[in-house]
There are 2 protein chains.
Amino acid sequence: MDWKPERNSHLTLQEQIVNWMRSRIERGDWTVGTKIPPQRKLASQLKVNRSTVQQAIEELKADGLLESKVGSGVYVANHSWNALLNKSQPNWKQHIESSIHKPNIHTIQLINEYEQYDDVIRLGTGELSPELLPTKELKQSLQSISLDAKVIGYSSPLGNERLRKILCEYLQKRGIYTFPENILIVSGALQALQLIALGLLEEGSIVFHEDPSYLTSVHPFQSAGMQMISVQRNQHLQETLQSLKKKRQSIFYCIPSLHNPTGINFSVEEKKQLYEVCNALQIPIVEDDVYHELLFDSPTPPIKSFDSSGQVLYIGSVSKTLSPGLRIGWVVGPTQVIQRLADIKMQTDYGSSSFSQEIVAHWLSTELYENHVSWLRHQLKERVAFVEKILEEEFKDIASWNKSAGGFYIWLRFHQPIVNKAFFLKLLNEKVLINPGYIYAANDLHHIRLSYAYASFDELAKGLEILRKISKVSMNRGIEGSE
Amino acid sequence: MDWKPERNSHLTLQEQIVNWMRSRIERGDWTVGTKIPPQRKLASQLKVNRSTVQQAIEELKADGLLESKVGSGVYVANHSWNALLNKSQPNWKQHIESSIHKPNIHTIQLINEYEQYDDVIRLGTGELSPELLPTKELKQSLQSISLDAKVIGYSSPLGNERLRKILCEYLQKRGIYTFPENILIVSGALQALQLIALGLLEEGSIVFHEDPSYLTSVHPFQSAGMQMISVQRNQHLQETLQSLKKKRQSIFYCIPSLHNPTGINFSVEEKKQLYEVCNALQIPIVEDDVYHELLFDSPTPPIKSFDSSGQVLYIGSVSKTLSPGLRIGWVVGPTQVIQRLADIKMQTDYGSSSFSQEIVAHWLSTELYENHVSWLRHQLKERVAFVEKILEEEFKDIASWNKSAGGFYIWLRFHQPIVNKAFFLKLLNEKVLINPGYIYAANDLHHIRLSYAYASFDELAKGLEILRKISKVSMNRGIEGSE
Ligand SMILES: Cc1ncc(COP(=O)(O)O)c(C=O)c1O
Ligand SMILES: Cc1ncc(COP(=O)(O)O)c(C=O)c1O
């Protein structure tokens, strides 16, 4: 929102704001049913007093252009259009509501929105702090990347060939022996999941996953009409899967290294067991391995490394280590699967940014990447020590957690089920943004995903203090039964 | 495919190839049903004689690992797996066949594949020739782009704010007055279509389009279960749309400037008429405007410029002017529509490459972009003059066409319906790749989309000569009724 009223106009601030809003509605930027931003937000964006905004809105309400809905906000009125010009306009709201893809749940939409504001302390963000990104080195490296005209044209379906060759060597260190033609470059790991949903599963297929799961917070499979079923990995896994699967298509999605959000790691035996079980039932495994390089101890081999039947689709990404803004990830799998996913990718976006691909190729093929990641692990260790110390000192009476083995997260469990949407909003009101457990497992009111990767040390300290305060209040309320 | 047999190994070339293929099958890279590459292609990639490849394949057939299907090629055998290890593997083929997204039609898959080979003359490619891309300038500009740590993190849902502000100014020159919050940055225009399909239309909605159409060659709407209906823009348009639409949701997709594949341009009156008709029926318009800067004469204002009801979603991209490898485009529309599309984009790939976004911001905000585009128009004019001269001299007896008004394409119409798949394959056999009309309109056997933008002058001359030769043969056959 770029526009601001002018101080030395012949119109009053209120008049300018009324004209501006009216023109937004007239031009169809704000169609019928659009919720206009809250007064406080508008006031701060337009750099005027809240009362000025309020008066402007009252004026437009009187004109029939805006209407209030109790407890919900101010909307462009149903009859606004007729009031203005007697023209028809498409019913976008109905379009949106009846369309195919699921919206993000409201809490996640709020998270996406509030992550943009600088004055918010982000205690949950699954992203490296700006100071942990190799900004300067990335900028420098732009001078070394090779751009030839072939490279900046439309990409080949599988992605930049040089990058795929380099990835073969990189994956070899992880125990995965593969060929460039078995790798598809994607715009981040999330896109890999989207392509798998569209290209390998029929509607009504089952996606088995663990509970809680990152998958609950994004909707690539749900929107494609797949059924999400969470299962426990225990000695009955095989019977469980068999009885749930019946004759339906299914896949098993897992994050064996530094699970998001719990931080849990599979042992080698657990990986082998899962592989055997899925192999017996012919259930393909999607192994999401985006965090393994951030393990403080050496990682164990991925499931893909003992795959001898083309059973495992292996997903990686540089988002958690180098820069999410690059939007580069990869999928490794059997030729026919990779070709299928590539075909859909071509139909979806004609390939990933070739500039990003060149940058990643340069970093992976020099010592830049490895050096950065080992520096990064060190930084994350310091951050985790800082946060765990605060938790030890301040949270023992109200919550429990496991020591972090790496990555970004601590899966903090409050003794009482206080983490509901009201709790999330109360914290937001104090400018602290958390990722509540219920976005990873619908009925979980005990956990938050605490991230020590994003906020600064100061913010972490301050944010945790506010978290502690609000938690205490919620707990006491809970005990008094007053809410 | 990186592997090659070693000349001075103790194993023969054939033995090495057998081992290599066996290991690809064992490791599940080539699963049951995978079609292995043709012998000629393998031989050239492995740098061995074709007979060596053939013998290796025979050996593996004898072992039961491969099997021939008459007239179709060599496949990994059904029982290969049992033959090897007695293990089960997932039935990927069935997964693929029953999944949601439509595959590209075979001709388009072949085009995507053969576009990668350097010795093929590309007469149909919808892409600028490497020599028309500002490779050097792009490389230089990398030094001037501002990278700060915020920018290379996960993007905000709408995309880089600076770029959106710059686009507001850029769009103003096109007669579109909009705000940063009404713009969504996407990974190319194609992704915009994909997001509209997923986010604004229910299954079974109607997508009206012209015939032929770019939309027939990609499947964002078809795969989402929409019904494609082609209509003619004539004086009965309103009744036609009304009677086809009934009570169903629908949109009208159009390319009013330099239509792909026909090159046709709407007059201002035609634009207004379409807007009025769609407005009366409340059918939203998707205006795909990726080519307008390549018009040799000044473009007329887009439909979006007289949209006063939030009826038009306007799509742009830098793929046709600056570099498709950037993968940057935009959609302009009413706030609630843009927010919805942004929400789905976040769920699909968490935003577009921030590096690409910075590069585009830099180019659009300096004189770099405009200078390049005006140079480009000049180059395209020279190319079109060259091609039209050849057509005048060599094709008048067999085909007709309109003079190009800009962009990349001439919609060449052969007097006889010779452009079928056999014709396409015959040309491919001579290493000439065309875009046959039937990928834009299923029953069209008269046209090819001739592109003067990609191949070099020499290639254009040689390719057209081969095209002429093969066309002549096909026409004579047609006349003799011998095929
Ligand atoms: C487990 C897991 N998979 C995938 C992703 C998506 O990563 P990318 O940025 O590569 O799409 C994330 C990041 O949130 C993640 O935590
Ligand atoms: C009419 C039209 N729209 C959209 C596209 C896709 O462009 P982009 O590379 O921006 O996705 C193309 C290119 O083939 C096109 O011709």
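Parameters at a glance
Residues numbered from 1 in each chain as written. Chains lettered and ligands numbered in written order. Predicted model: local features only at pLDDT ≥ 70, side-chain atom pairs only at ≥ 80, totals over all residues. Heavy atoms only, no water. Least-squares fit on C-alpha atoms with pLDDT ≥ 70 in both. Contact = heavy atoms within 4.5 Å. Near = heavy atom within 4 Å. Polar contact = N/O pair within 3.5 Å; in protein donor to acceptor, adjacent residues only side chain to side chain. Areas by Shrake-Rupley, 256 points an atom, 1.4 Å probe, with all protein chains shown as cover. Nonpolar A, V, L, I, M, F, W, Y, C, P; charged D, E, K, R; others polar. Pairing = 2+ DSSP bridges. Helix = DSSP H or I, 4+ residues; strand = E, 2+ residues; numbered from the N terminus. Axes fitted to C-alpha atoms, helices over the stretch in contact; angles between N-to-C directions. Domains from an automatic or database assignment. Salt bridge = Lys/Arg side-chain N within 4 Å of Asp/Glu carboxyl O. Parallel < 35°, antiparallel > 145°, perpendicular 65-115°, else oblique.

**Remarks on the relation of the copies chain A and chain B**
Under the fitted operation, chain A is carried onto chain B by 0.0 Å of movement along the axis and a turn of 180°, and the coordinates agree to an RMSD of 0.1 Å. A rotation of that kind, with that shift, is consistent with a two-fold axis. A share of 99% of the interface residues of chain A reappears at the interface of chain B, consistent with the copies meeting face to face through the same patch.

**Section: the site of ligand 2**
Surrounding ligand 2, one finds 16 residues, the nearest of these being Y154 of chain A together with N260, D288, S317 and S319 of chain B. Bordering ligand 2 are residues originating from chains A and B. One of the side-chain N or O atoms of S319 of chain B is found 2.6 Å from an oxygen atom in ligand 2. Within the complex, 97% of the 410 Å² of free accessible area of ligand 2 lies under protein. Broken down by class, the residue content of the shell around ligand 2 amounts to 9 nonpolar, 4 polar and 3 charged.

**So, the sheet that holds strand β15 (residues 447-451) of chain B**
Residues and elements named next belong to chain B. If you trace the 4 strands from one edge of the open sheet to the other, you get β11-β12-β15-β14, paired in antiparallel fashion. Of all the strands in the sheet, just β11 (399-400) and β14 (435-436) have a single pairing partner and so form its edges. Along the sheet, helix α15 (residues 368-394) makes contact with β12 (409-414) and β15, crossing β12 at roughly 10°.

**Brief notes about the domain arrangement of chain A**
On domain assignment, one finds that chain A holds domain 1 (13-89) and domain 2 (147-365). Between domain 1 of chain A and domain 2 of chain A, the C-alpha centre-to-centre distance is 46 Å.

**Topic: the site of ligand 1**
Taken together, 16 residues sit near ligand 1, with N260, D288, S317 and S319 of chain A together with Y154 of chain B positioned nearest. A189 of chain A places a main-chain nitrogen or oxygen 2.7 Å from an oxygen atom of ligand 1. D288 of chain A has a polar side-chain atom sitting 2.6 Å from a nitrogen atom of ligand 1. For ligand 1, whose free accessible area comes to 400 Å², the fraction covered by protein is 97%. Considered class by class, the residues forming the shell around ligand 1 number 9 nonpolar, 4 polar and 3 charged.

**What about the interface of chain A and chain B?**
Interfaces are often sized by the accessible area lost when the parts come together. Counting residues at the interface gives 116 residues for chain A, matched by 115 residues for chain B. The tally of links between chain A and chain B comes to 2 salt bridges. In this structure, the salt-bridge partner of E181 of chain B is R24 of chain A, at a minimum N-O distance of 3.1 Å. If you look at where chain A meets chain B, you find 36 residue pairs in polar contact (both at pLDDT 80 or more). Those elements that place two or more of their residues in the side of chain A that touches chain B are α1 (13-26), α5 (92-98), α6 (106-114), α7 (135-141), α9 (189-200), α13 (335-349) and α14 (354-365) of chain A. Looking at the side of chain A that touches chain B, the element that brings in the most residues is α13 of chain A, giving 10 residues. In terms of residue class, the side of chain A that touches chain B is made up of 45 nonpolar, 48 polar and 23 charged.

**A closer look at the packing of helix α14 (residues 354-365) of chain B against α15 of chain B**
Residues and elements named next belong to chain B. One way to put it is that α14 packs onto α15 with a least axis distance of 5 Å and a crossing angle of 80°. Looking at the two axes, α14 sits roughly perpendicular to α15. Between α14, through H362, W363 and L364, and α15, the contact on the second element is made entirely by L368, Y369 and H372. A per-class count over the contact of α14 with α15 returns 4 nonpolar, 2 polar and no charged.

**Side note on the side chain of S404 of chain B**
All names here are of chain B. Mapped onto the secondary structure, S404 falls in the loop between β11 and β12. Side-chain polar atoms of S404 contact the side chain of Y452, separated by 2.7 Å. Aside from chain neighbours lying at most four places away, what touches S404 is F296, V384, E388, Y409, I410 and Y452.

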